[in-house]
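Report on the structure
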Amino acid sequence: MSDLETKIVMTRGTGSADKEKITTKVTAPDVDTLSERVDEVRAEMEGWADDFRAIDPERRRQLSDGQSQLGGEA
């Protein structure tokens, strides 16, 4: 049997300015091992999700007028 593979995608936020996405691929030679590995990744992702929730997109540095386009005229 070839390795089994599953993809886990976690997205934080709903708007374009506050959305981060992590994609994790888990592979294993059999279903039991895959299940164990997915459980381990899920536990790690819970911590990652907490970190993402702490990100405040409103605190990001805003560009002043005229700096929104590189190399363009203001």
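The model shown is predicted, which means the values in this text are computed figures rather than measured ones.

1. Observations regarding the overall build of the protein chain
In terms of regular secondary structure, the protein chain is built from one helix and two strands. Each helix and strand of the protein chain, placed in order from N terminus to C terminus, yields the pattern β-β-α. Across the 74 residues in the protein chain, those meeting the buried criterion constitute 20%. Taking the intrachain contacts of the protein chain between residues at least 6 apart in sequence as the baseline, contacts between residues at least 24 apart amount to 42%. Total accessible area computed for the protein chain in this model is approximately 6,200 Å², and 45% of it derives from carbon and sulfur atoms.

2. What about the side chain of Thr24?
For Thr24, the position within the fold is in strand β2 (residues 20–28). The exposure class assigned to Thr24 is buried, which follows from its relative accessible area of 14%. Those residues within four positions of Thr24 in sequence are excluded, and the remaining contacts are Thr6, Lys7, Ile8, Val41, Met45 and Trp48.

3. Some details on a negative patch on the surface
A contiguous patch of negative charge on the surface is contributed by Asp32, Glu36, Glu40 and Glu44. Of the residues examined, Glu40 reaches a relative accessible area of 55% and is grouped as exposed.

4. Remarks on the nonpolar core
Across soluble globular proteins, you tend to see nonpolar side chains buried next to one another. Core analysis: the largest hydrophobic core is formed by 10 residues, namely Ile8, Met10, Val26, Ala28, Leu34, Val38, Val41, Met45, Ala49 and Phe52. Among the elements that make up this core, the one with the highest residue count is helix α1 (residues 31–53) (six residues). Excluding anything up to four places from it in sequence, Phe52 contacts Met10, Arg12, Glu20 and Ile22.

How each quantity is defined
- Residues numbered from 1 in each chain as written.
- Predicted model: local features only at pLDDT ≥ 70, side-chain atom pairs only at ≥ 80, totals over all residues.
- Heavy atoms only, no water.
- Helix = DSSP H or I, 4+ residues; strand = E, 2+ residues; numbered from the N terminus.
- Buried < 20%, exposed > 50% of the residue type's maximum accessible area, 1.4 Å probe, protein only.
- Contact = heavy atoms within 4.5 Å.
- Areas by Shrake-Rupley, 256 points an atom, 1.4 Å probe, with all protein chains shown as cover.
- Patch = residues over 30% accessible without salt bridge, like charges linked within 9 Å, V, L, I, M, F, W, Y side chains within 5 Å.
- Salt bridge = Lys/Arg side-chain N within 4 Å of Asp/Glu carboxyl O.
- Lys, Arg positive; Asp, Glu negative; His and termini not counted.
- Charge placed at Lys NZ, Arg CZ, Asp CG, Glu CD.
- Core = buried A, V, L, I, M, F, W, Y, C linked by side-chain atoms within 4.5 Å.

Just geometry here; none of it tells us what the structure is for.
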